[in-house]
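# What the coordinates show
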Amino acid sequence: MADTEPAPARYDAIVIGAGISGLYQLHRLRALGMRVLVLEAGTGVGGTWYWNRYPGARFDSESYSYGYSFSPELLAEWDWTEHFAPQPETLRYLNFVADKFDLRRDIRFSSRVAAAHYQDTAREWAVTTEDGASFRARFLITAIGPLSAPTMPRIAGVESFTGQSFHTARWPHEAVSFEGKRVAVIGTGATGVQTIQEVAKTAGHLTVFQRTPNWCAPLLNSKIDAAEMAKIRAGYPEIFRRCQETFACFVHTMDPRGTFEVSAEEREAFWEKLYASPGFGIWQGNFRDMLTDRAANALISDFVARKIRQRVKDPAVAEKLIPKNHGFGTRRVPLETRYYEAYNQDNVTLVDISETPIERITPTGIKTSDAAYEFDIIIYATGFDAVTGSFDRIDIRGVGGQRLKDRWKAGPETYLGVLVDGFPNMMMLIGPHMALGNIPRSIEYNVDWVTDLVRHARARDLTLVEATRAGVTEWTDHVKSLGVGLLSNEINSWMTGVNSNVDGKQVRIVNRYSGSAPAYRARCDEVAAKGYEGMVLA
Ligand code: NA7
């Protein structure tokens, strides 16, 4: 740094990101009396719910199981209006939280972090933003989200299109009208499905470009009136207790029965009931062996395939919409509202690009191997460089200048999903090797654990908190072993770290913790109770 430049501002902790985890982390660290700075790339709070403004974006988890649970006052003051809240409502909620706890004064907006370099001697982090500002802090806490680094398809000509085009996670703040327009959607993951069913309502013509179909199931959303909200509010302790006990923090949890322990009639009746019930029950509350036993998985897949055939009028289109390369639930199940019926509309066409690949984007549309389509709007619902992608996009360097991206080339290595040896004083919230599931529940635990660790360190005047190499090896092996036998690890998806649009991400890895959330918490509690075993505190 030149002598004339001012010294960087110093903080006790820097948090990257003002989404659900960053906001809560700021609130908790502030209560310890720390000087905290949150650096946020967006112009407002909300993270996922700030960026993903695409039409139809909403929760697939029950609203009242998704909000923060830490503040009784907040629970008393906030009313959800739908069982599965739409994105604008969630963004309002997170703004309400930011105001209520007066969080904005410690958040620097429009500040995308470019680099974070550990300073060996000072035992602190030097953080710089893309606009050239520099900051220093003892602790660096990443709250950058597992699905926040959007990826565009690597298709020739993307830049040449002269109409409007948007990635769903970079949707404009102004409304986009589809009225009478020729619209294309590329991608049929959870985002694509929500987008397609919404755009189909008003588009002049919608053409969906599908590379791989996903198994979708009904969301069955409904409004919450004042009387029902009062009931929900009274039931909050029970709702959050249940989320603490279930495998993935949803209100749903696996049925203890095996698929073949019941008669064919009972099985069918159970599945009919799940298919007619709101939310993730059919995925998270199904027979316990559904995601590990091939024969069990084939049966539920056949059940859902029959539903798709019943709902889609054209049998040829129905067949294209039924996944053939993976079983039900082995990828994230998109929840839908009349998604399949959209394909019965005259203004909707499905193009199977596994048969007729996209050759290029042209100035006026999309050219596949057998046709040229003209569009006014192209929507890219092509997903994210998941879990490690948001880390890769920041130049994070630890002891001796070692880059985190290089360290994780063959897959992430962590201790408890929170720490990495060689990267002292850096803690990750919802980083790799964390339980995902109903994410805010995991976030609250994650933030509380990190806060306790920081409090412990500060109370003892410790200047270095780091995982040991042995701790990282043990935890990484444990996470990998939990993935053995899961059918979900046999298919490419963001959950196995594969993204066709990113160099070096074509090989499946284990990027998330697939044990139960209670087991994860028990392990982390034990580590803390044993004075942070598997770590160096100095
Ligand atoms: P996903 O689930 O990763 O879906 C991305 C979709 O985009 C998927 O259908 C991909 O097909 C498709 N895609 C990606 N690249 C291309 C190219 N180059 N050509 C054609 N099609 C492509 O992302 P989402 O945003 O839907 O959901 C992410 C998570 O966010 C979701 O699970 C929720 O938890 C929230 P593919 O299957 O790779 O063949």
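Look up a bit, the structure's there.
Report follows, based on the coordinates.

The rules behind these values
Residues numbered from 1 in each chain as written. Predicted model: local features only at pLDDT ≥ 70, side-chain atom pairs only at ≥ 80, totals over all residues. Heavy atoms only, no water. Pairing = 2+ DSSP bridges. Helix = DSSP H or I, 4+ residues; strand = E, 2+ residues; numbered from the N terminus. Axes fitted to C-alpha atoms, helices over the stretch in contact; angles between N-to-C directions. Expected span 1.5 Å × (residues − 1). Buried < 20%, exposed > 50% of the residue type's maximum accessible area, 1.4 Å probe, protein only. Arc of directions from axis to C-beta. Contact = heavy atoms within 4.5 Å. Polar contact = N/O pair within 3.5 Å; in protein donor to acceptor, adjacent residues only side chain to side chain. Salt bridge = Lys/Arg side-chain N within 4 Å of Asp/Glu carboxyl O. Near = heavy atom within 4 Å. Nonpolar A, V, L, I, M, F, W, Y, C, P; charged D, E, K, R; others polar. Domains from an automatic or database assignment. Phe/Tyr/Trp six-rings, centres within 6.5 Å; stacked < 30°, edge-to-face > 60°. Lys NZ or Arg CZ within 6 Å of the ring centre and 35° of its normal. Lys, Arg positive; Asp, Glu negative; His and termini not counted. Parallel < 35°, antiparallel > 145°, perpendicular 65-115°, else oblique. Core = buried A, V, L, I, M, F, W, Y, C linked by side-chain atoms within 4.5 Å.

## Regarding the sheet that holds strand S7 (residues 164-167)
As summarised here, the arrangement of the five strands in space is S7-S16-S8-S9-S12, forming an open sheet in which the pairing is parallel. Only two strands of the sheet have a single partner each, and these edge strands are S7 and strand S12 (348-352). Averaged over all neighbouring strand pairs, the angle between strand axes comes to 15 degrees, with direction disregarded. Pairing between strand S8 (residues 182-186) and strand S16 (residues 377-380): four bridges, direction parallel. Note that in S16 the partner of Val 185 across the bridge is Ile 379.

## Remarks on helix H18 (residues 517-529)
Note on helix geometry: an α-helix contains 3.6 residues per turn, so any two residues three or four positions apart are oriented the same way. In this model H18 runs 18 Å from its N-terminal to its C-terminal C-alpha over 13 residues, within 8% of the 18 Å that 1.5 Å per residue would give. For H18, the full list of buried residues reads Ala 517, Tyr 520, Arg 521, Arg 523, Cys 524 and Val 527. One face of H18 carries all of its buried residues, which in axial projection span an arc of 160 degrees. In this fold, the buried residues of H18 make contact with helix H8 (236-245), helix H16 (439-459) and helix H17 (469-483). The backbone nitrogen of Ala 519 has a side-chain oxygen 3.0 Å away, supplied by the residue at the start of H18, namely Ser 516.

## Some words on the pattern of salt bridges
This model, assessed by the stated rule, comprises 45 salt bridges. Where Arg 306 meets Glu 268, a salt bridge forms, and the shortest distance between an N and an O atom there is 2.7 Å. One end of the pair, Arg 306, is in helix H11 (residues 294-311); the other, Glu 268, is in helix H9 (residues 264-275), with 38 residues separating them in the sequence. With relative accessibility at 31%, the residue Arg 306 sits in the partly exposed group. Within the structure, one salt-bridge network assembled from shared partners comprises Arg 30, Asp 102, Arg 105 and Asp 106.

## A look at the site of the ligand
Lining the immediate environment of the ligand, one finds 19 residues, of which Thr 188, Thr 191, Arg 211, Thr 212 and Trp 494 sit closest. In the model, an oxygen atom of the ligand is placed 2.6 Å from a nitrogen or oxygen of the Thr 191 side chain. Counted by class, the shell around the ligand contains eight nonpolar, eight polar and three charged residues. In this structure, the shell around the ligand is formed jointly by two domains, domain 1 (9-45 + 103-149 + 386-537) and domain 2 (158-380), each of which donates at least three residues.

## Topic: the packing of aromatic side chains
In the structure shown here, the tally under the stated rule is 37 aromatic pairs. Ring centres of Trp 215 and Phe 328 lie 6.5 Å apart, and the angle between their planes is 75 degrees; on these two criteria the pair is classed as edge-to-face. With Trp 215 in the loop between strand S9 (205-210) and strand S10 (217-218) and Phe 328 in the loop between helix H12 (315-321) and strand S11 (335-336), this residue pair connects regions lying 113 residues apart in the sequence. For the pair Trp 215 and Phe 328, one class covers both residues: buried. Ring pairing ties together the aromatic residues Tyr 24, Trp 49, Phe 59, Tyr 66, Tyr 68, Phe 70, Trp 78, Trp 80, Tyr 93, Phe 96 and Phe 101, which thus form one cluster. One residue, Lys 100, lies across the ring of Phe 101, its end atom 5.7 Å from the ring centre.

## Some words on the sheet that holds strand S14 (residues 365-368)
One open sheet accounts for three strands, arranged S13-S14-S15; its pairing is antiparallel. Each of the sheet's edge strands pairs with one partner strand only, and the pair in question is strand S13 (358-361) and strand S15 (372-374). Sheet twist, expressed as the mean angle between neighbouring strand axes with direction ignored, is 20 degrees. In this sheet, S15 lies alongside S14 in antiparallel orientation, the contact comprising three bridges. Along S15, the bridge assignment pairs Gly 365 with Glu 374.

## What about the side chain of Glu 466?
Tracing the backbone shows Glu 466 in strand S19 (residues 465-467). Salt bridges are absent for the buried Glu 466, whose nearest opposite-charge side chain, Arg 407, sits at 7.4 Å. At 2.5 Å, the side chain of Glu 466 and the backbone nitrogen of Gly 422 are in polar contact. Dropping the residues within four chain positions of it, Glu 466 is found in contact with Val 420, Asp 421, Gly 422, Phe 423, Pro 424, Met 535 and Val 536.

## What to know about the packing of helix H7 (residues 226-234) against H8
H8 packs onto H7 with a crossing angle of 60 degrees between their chain directions and a minimal axis gap of 4 Å. In terms of axis orientation, H7 runs oblique to H8. Across the interface between the two elements, Met 229, Ile 232, Arg 233 and Ala 234 from H7 touch Tyr 236, Pro 237 and Ile 239 from H8. Residue classes in the contact of H7 with H8 are distributed as six nonpolar, no polar and one charged.

## Section: the nonpolar core
One recurring pattern in soluble globular proteins is that nonpolar side chains are buried together. Counting 125 residues, the largest nonpolar core has Trp 80, Leu 206, Leu 419 and Trp 449 as its most contacted members. At eight residues, H16 tops the list of elements feeding residues into this core. Each of domain 1 (9-45 + 103-149 + 386-537) and domain 2 (158-380) contributes no fewer than three residues to this core. Not counting the four nearest positions on each side in its chain, Leu 419 is found in contact with Thr 414, Met 426, Met 427, Met 428, Trp 449, Leu 453, Val 465, Ala 467, Val 472 and Met 535. Within the second largest apolar cluster, 25 residues are counted, among which are Ile 16, Ala 116, Ala 133 and Met 428.

Note that every value here comes from positions in space, so none of it alone points to a role or purpose.
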